[in-house]
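Summary of structural features
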Amino acid sequence: MGKKQFKAESKRLLDLMINSIYTNKEIFLREILSNASDAIDKLCYLSLTDEGVGLKREDFRIDIRLDKDTRTITVSDNGIGMTAEECESNLGVIARSGSSQFKEGMDKAQTGDEISIIGQFGVGFYAAFMVADQVTVVTRKYGEEQGVVWKSTGADGFTVEPGEKTSVGTDVIMHVKGDSDEEIYGSYLETWKIKALVKKYSDYVRWPIHMELDRQERFETGETDDEGKPKFDYRTVKADEIVNSMVPIWQRSRQDVTDEECVAWYKEKSHDQKDPAAVLRVNAEGTVSYKAMLFIPGQDSRDTMGDERQGIKLYSNGVMIMEKCDKLVHEYFDFVRGVVDSPDLSLNISRELLQHDRQLRVIGQNLEKKIKGELERLLRSDREKYEAFFQSFGTDLKAGVCDEYGRYKDFLRDLLLFYTSEDKQVTLKEYVANMPESQKPIYYASADTLRHAVSLPQCEQVRARGYELLYLVNPLDEVVLENLREQDGHPFCNVVTDDLGFETEEEKKAAAAREIEGKALLDFVTESLGGAVVRTGFSSKLTNQPCCLTTEGGLTLEMERYFRRAPNEEMRNLRASRVLELNAGHPAVQALKAAFDGGEREKAANYAKILDTMAEMMAGCEIEDPAGFVGLVSDLLK
Ligand code: ADP
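Residues numbered from 1 in each chain as written. Predicted model: local features only at pLDDT ≥ 70, side-chain atom pairs only at ≥ 80, totals over all residues. Heavy atoms only, no water.

Comments concerning the overall build of the chain
Definition in use: Numbering of helices and strands runs from the N terminus, with a helix taken as a DSSP run of H or I at least four residues long and a strand as a DSSP run of E at least two residues long. Contacts are assigned to residue pairs with any non-hydrogen atoms lying within 4.5 Å of each other. The Shrake-Rupley method, run with a 1.4 Å probe, gives the accessible areas here. Residue values count only the displayed protein chains as cover.
What the chain contains, in helices and strands, is 23 helices and 22 strands. Partitioning the contacts of the chain with sequence separation of at least 6, the portion at a separation of at least 24 is 69%. Surface exposure of the chain reaches about 31,900 Å², of which carbon and sulfur atoms provide 48%.

This is the structure:
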């Protein structure tokens, strides 16, 4: 029988596999085992109605045999098998449901992009050619007397011939490529390696995967020792073992597996030493059926090991189809780890397709609700644990509020915590519940540290009225509040830049009159500060302190500080427009006024500089000329 040619796009794919520099070659085993498992599914299903099959459920099995002498890996199953025609049509084309997308992707791809396309699509049987230069399939279909041998050395085509096969099922014999400088293909002939790959990708294939493993066996040597007792020695024997666990922990019922066992499993798999903050187990049946076992970690792995986050693994019927499915839940829940297993998901899911996959979206939405519910429960029932969780992952949630123009803000708002003192954090709901009736807005002050925020002079008046403040210390906090806009009808008020709303109309008029009256002094101060401030005014926000710093325009001192870390120099140099506010009733300001009114211009200018530097200090700014400031204060002490 002559050689048959592969269909055009299959040939191209095959070329790619053969010459592949794709790093994830090890997935070939997952693909071959998954085909074997499917073939057994089919025959097992048939056996329910057809007694002729003659196999019971426990008779089905997959075997992996390694032979270093012939450099072969053989995967055998006693599943449904294939006829000659099926070999030709199934193994000669890309026979996967995702094949049309694959073809499209391949057509559009430039050379070089192809590698990423392999990564995006499951490539099934062809994956064998990533590690093998010759693949032989010996198979016998259930109901047929005759076996079939399909053979290919790759791109030049394949042959299909009748052959000997004593039992129904399929052997896939992969002849492993020779080692090269880049890749030691021979490692795939090592028992430990293959066993590890089964564990990693196919642990939960529901049929047993057997391997012959070396075992140390104690035996009597036939000799005796000095005391006449028989001597023993050890020898290596081959022993058949099942190398996959078959029933994944998340598939087991709550009665069978305790939460503690799940936690132990989590710690082993994730290498996380700490208990997770919460375990979530979902068994959903409906339009989309799935089982999920998710963990909310107690700490961020990036904090401790600088690791990438592990995310959620996707399984379909016990076969892992994606190691990290980052499209299942939004980025703000990116810290969640675990497994989702759904028989409704197709094996060849691609990253691009995921967003459009309706089933995945349904699962994702349900899981997000459950994750949120679990976090709310934790917030109510174990505040300490929740705060520790928030310490690690609060910024993720806050970033989520700012994402996509605030699209998810209402979903996330009840999960956020803000400081109201150095040792207390509250949710916005709790803050509002605690507000006295007279209070209208929610006051906040932001600074680079909590202590700084608390000591801002502008906070005094608010606290004096018995109102609480939110102290913002996370660089994202201001943007978060901007996105949230209000809480239960109460707007947010920045105590540094906004009107606190404490003054009556009369008081406002009086303040304006005071500004006009004091205009000469205020202008003098601004001028003596040589561009450090855009304006000087009298403040109604101050009680005990002589002065404070506020800003005009969109850029606040917080943002200025934030941008100071920016990579771009122009951004680093951005400066908020500062306004120096003076407490007209304070003795220090009165001393300034007296010097100015008495014509002592130099003394007045020095007082202005001291007041401005003090205001900068209280606002948490860096002092530009500390030595100059010390000189001025030293003069005062003389
Ligand atoms: P997919 O499994 O997604 O259909 P593959 O390229 O992996 O794509 O396999 C192509 C087809 O070849 C399968 O659908 C199946 O019909 C057949 N096949 C592959 N391996 C086996 C096997 N071990 N036993 C029976 N049929 C198989």
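Notes on the sheet that holds strand β4 (residues 147–152)
This is how the line gets drawn: Note on pairing: DSSP must find at least two bridges between two strands before they are called paired. Think of each axis as a best-fit line through the C-alpha atoms, taken over the contacting stretch in the case of a helix, with angles from 0 to 180 degrees between the N-to-C directions.
Strand order in the open sheet made by the 8 strands is β5-β4-β3-β6-β2-β1-β7-β8, with mixed pairing throughout. Of all the strands in the sheet, the pair left with one neighbour each is β5 (158–163) and β8 (230–242). With strand direction ignored, the average angle separating the axes of adjacent strands in the sheet is 20 degrees. When strand β1 (residues 62–67) meets strand β7 (residues 209–224), the two strands line up parallel, connected through 3 bridges. Residue pairing for β7: I62 is matched across the bridge by I209. Sitting on the sheet, helix α2 (residues 27–47) is in contact with β1, β2 (72–77), β6 (169–176) and β7, with an inclination near 20 degrees to β2.

Some points on the pattern of salt bridges
Here is the rule: When a carboxyl oxygen of Asp or Glu is within 4 Å of a side-chain nitrogen of Lys or Arg, the pair counts as a salt bridge. Under the scheme applied here, a residue whose accessible area is under 20% of the maximum for its type counts as buried, over 50% as exposed, and between as partly exposed, the area being computed with a 1.4 Å probe on protein chains only.
Per the stated rule, a full pass over the model turns up 39 salt bridges. Of the charged contacts, one joins D259 and R281 as a salt bridge, the two residues approaching to 3.2 Å between their closest N and O atoms. Residue D259 is located in helix α7 (residues 259–270), and its partner R281 is located in strand β9 (residues 278–284); the two are separated by 22 residues in the primary sequence. By relative accessible area, which is 36% here, D259 ends up partly exposed. The residue K267 makes a salt bridge to D275 at a minimum N-O spacing of 2.7 Å.

Details of the sheet that holds strand β21 (residues 547–552)
The sheet built from 3 strands is open, its strands ordered β20-β22-β21 with mixed pairing. Two strands in the sheet have a free side with no partner beyond their single neighbour: β20 (535–538) and β21. Taken pair by pair, the neighbouring strands of this sheet meet at an average axis angle of 30 degrees, ignoring direction. By the bridge criterion, 4 bridges tie β20 to strand β22 (residues 577–582) in an arrangement that is parallel. Bridging across to β22, R535 finds its partner in V579.

Considerations on the environment of I32
Counting through the fold element by element, I32 comes out in helix α2. The class for I32 is buried, based on a relative accessible area of 2%. Setting aside residues up to four positions removed in sequence, I32 forms contacts with V75, F125, A128, V172 and M174.

Considering the packing of aromatic side chains
Where we set the bar: Whether two aromatic rings pair depends on their centres lying within 6.5 Å, for rings of Phe, Tyr and Trp, where Trp uses its six-membered ring; planes under 30 degrees apart make the pair stacked, over 60 edge-to-face, and the rest tilted. Whether a charge lies above a ring is judged from NZ of Lys or CZ of Arg, which has to be within 6 Å of the ring centre and within 35 degrees of the ring normal.
Overall, the coordinates contain 24 aromatic pairs when judged by the stated rule. Ring geometry for Y386 and F389: centres 5.3 Å apart, planes at 50 degrees, overall tilted. With Y386 and F389 both in helix α11 (residues 383–402) and 3 residues apart, the pair spans about one turn of that helix. Taken individually, Y386 and F389 each receive the classification buried, so the pair is uniform in this respect. One residue, R235, lies across the ring of F219, its end atom 4.2 Å from the ring centre. Lying over the aromatic face of F411, K372 brings its terminal NZ or CZ to 4.7 Å of the ring centre.

What about the confidence of the model for the chain?
The cut-off we apply is this: Confidence scores here are pLDDT values: one per residue, from the predictor, ranging 0 to 100.
On average, residues of the chain score 87 in pLDDT, and 89% of them reach the 70 mark or higher. A low-confidence stretch, residues 95–99 stays under pLDDT 50, and its non-local contacts, those more than four residues away or across chains, total 10 contacts.

Section: helix α22 (residues 601–618)
Filter applied, for reference: By this rule, a helix spans an expected 1.5 Å times one less than how many residues it contains.
Here α22 contains 18 residues, and its C-alpha end-to-end distance of 26 Å stays within 8% of the 26 Å for a straight helix at 1.5 Å per residue. All of the buried residues in α22 are A604, A605, Y607, A608, I610, L611, D612, T613, A615, E616 and M618. Its buried side turned inward, α22 meets α14 (450–454), α18 (519–528), β21, β22, α21 (587–597) and α23 (626–637). Downstream of α22 by one or two residues, G620 has phi in the positive range, about 80 degrees.

With respect to the nonpolar core
For clarity, the cut-off: As used in this record, nonpolar core signifies buried Ala, Val, Leu, Ile, Met, Phe, Trp, Tyr and Cys residues forming a set joined through side-chain atoms within 4.5 Å.
Among the nonpolar cores identified, the biggest contains 71 residues, and F333, V340, L367, Y386, L397 and Y443 are the most heavily contacted of them. Non-local contacts of V340, meaning those with residues more than four positions away in its chain, are made with Y290, K291, A292, L294, I312, K313, L314, Y315, L328, I363 and L367. Judged by nonpolar contacts, the second largest core, of 52 residues, contains C44, I62, L189 and L197.

Here we look at unusual backbone geometry
One non-glycine residue with positive phi stands out, namely M246, at about 70 degrees. Note on placement: M246 falls in the loop between β8 and α7.

Side note on the pairing of strand β17 (residues 469–472)
Here β17 shows two buried faces, one formed by L469 and Y471 and the other by L470 and L472. Where strand β16 (residues 442–446) and β17 come together, 4 bridges link them in parallel fashion. Bridge pairing links Y444 to L470 in β17.

Notes on the packing of α11 against helix α16 (residues 477–484)
Any two packed helices are characterised by how steeply their axes cross, that is the angle between the axes, and by the distance between the axes. Short version of the rule: Under this scheme an angle from 65 to 115 degrees is roughly perpendicular, one under 35 degrees roughly parallel, and one over 145 degrees roughly antiparallel; angles in between are oblique. Crossings are classed by handedness, with left-handed meaning an anticlockwise turn of the near helix from the far one by less than a right angle and right-handed meaning a clockwise turn. When residue character is reported, Ala, Val, Leu, Ile, Met, Phe, Trp, Tyr, Cys and Pro are called nonpolar, Asp, Glu, Lys and Arg charged, and the others, Gly included, polar.
Across the interface, α11 lies against α16 with an axial gap of 8 Å and an inter-helix angle of 45 degrees. The angle between the axes of α11 and α16 places the two elements in the oblique class. Of the two elements, α11 crosses α16, and the hand of that crossing is left-handed. Of the residues in α16, those touching α11 at K398, V401 and C402 are D477, V479, V480, N483 and L484. Here the contact of α11 with α16 is built from residues that sort into 5 nonpolar, 1 polar and 2 charged.

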